[in-house]
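Next come the chains, spelled out residue by residue.
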Amino acid sequence: TKRLIGTVIIKDDLAVQSFGYNKYLPIGKPEYIIENLDRWGADEIVIFNIDRTLNKNGPNFKLIERLKKINLKTPLSYGGGIQSLQDGIKLITMGVERLVIDNLLHSSISVIRDLAKTLGRQAIIGCLPLSFENNQLMWLNHLTKQKKNLFNQNIINSLDEIFSEIIIVDWKNEGSFGKFNIKLIMPFQNQINISLIPFGGVNDIKKIEILIKLNII
């Protein structure tokens, strides 16, 4: 079964439209956006609180508390500021169904393994900001802005052991209309046995139809 996942990017406690991990257009209070996605029938809602790790603030527990009062029917996943097993356990006990992990892939695989072991792999989603450059699949560290060839990293063989799914972010085309680069998905076909979630430039019905027909997602 294919799912349509609503994604809410939060910066400075506001929901924003992000353009290429570089420019951000404020669009309102996160609660309103998330409540609308819940009412419109999204299969899942993913929150990316993109400035929590950068500012060393930890997860946005206050936002999750506010969302609890809305009584959402849609499963909620959260990413941003997760640095420890304790962070993950607290988010799950507060009602978050799944955790989205990005920065920890660069800094602490052991914490991710602890999360998967304690909470179950089904509760952990990986997030990989990728670009295709010089015929290489480049993985972006959004904190340092450094890029490296994903398939030269040791983590590639561990992805299906610690994650239930992986969000593939076309960060260069994020915020664009229908420009998600399908080349970002194809290298995974013979590498890992895990479902992929395309994100970034996936807002055109023709692009969505193409992606749905791929049996890798």
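Bear in mind that the values here come from a model prediction, so they are computed numbers and not experimental data. (Residues numbered from 1 in each chain as written. Predicted model: local features only at pLDDT ≥ 70, side-chain atom pairs only at ≥ 80, totals over all residues. Heavy atoms only, no water.)

J.: When you look at the overall build of the protein chain in this model, what are you seeing that I'm missing?
T.: The helix and strand inventory of the protein chain stands at seven helices and eleven strands. Reported as C-alpha extents along the three principal axes, the dimensions of the protein chain are approximately 45 × 40 × 35 Å. Expressed as a percentage of the 217 residues in the protein chain, the buried residues total 52%. Pairs at least 24 residues apart make up 64% of the contacts formed inside the protein chain by residues separated by at least 6 positions. Accessible surface computed for the protein chain: about 11,100 Å², of which carbon and sulfur atoms make up 48%. In the protein chain, 27 positive and 21 negative side-chain charges are present, and the distance between their average locations comes to 3 Å. (Helix = DSSP H or I, 4+ residues; strand = E, 2+ residues; numbered from the N terminus. Buried < 20%, exposed > 50% of the residue type's maximum accessible area, 1.4 Å probe, protein only. Contact = heavy atoms within 4.5 Å. Areas by Shrake-Rupley, 256 points an atom, 1.4 Å probe, with all protein chains shown as cover. Lys, Arg positive; Asp, Glu negative; His and termini not counted. Charge placed at Lys NZ, Arg CZ, Asp CG, Glu CD.)

J.: Explain the environment of Lys172 to me, please; I cannot follow it from the model alone.
T.: By the secondary structure assignment, Lys172 is in the loop between strand S10 (165-170) and strand S11 (195-199). Between the alpha carbons of Lys172 and Gly201 there is a distance of 9.0 Å; along the sequence they are 29 residues apart. If sequence neighbours within four positions are ignored, Lys172 has contacts with Gly20, Ser131 and Glu133. Among the polar contacts made by the side chain of Lys172, one reaches the side chain of Glu133 at a distance of 3.1 Å. (Polar contact = N/O pair within 3.5 Å; in protein donor to acceptor, adjacent residues only side chain to side chain.)

J.: What exactly am I supposed to notice about unusual backbone geometry here?
T.: Positive phi outside glycine occurs at Asn134, with the angle close to 50°. With respect to the helices, strands and loops of the structure, Asn134 is situated in the loop between strand S7 (124-133) and strand S8 (136-140). What makes Asn134 exposed here is its relative accessible area of 72%.

J.: Looking at this model, I keep getting lost on the side chain of Glu165. Mind explaining?
T.: For Glu165, the location among the structural elements is in strand S10. Overall, the relative accessible area of 10% leaves Glu165 in the buried class. At 2.3 Å, the side chain of Glu165 and the side chain of Arg3 are in polar contact. Within polar-contact distance, the side chain of Glu165 engages the side chain of Arg98 at 2.8 Å. In this structure, Glu165 is in contact with Arg3, Arg98, Ile124, Ile125, Gly126, Ile194, Ser195 and Ile197, ignoring residues within four places of it in sequence.

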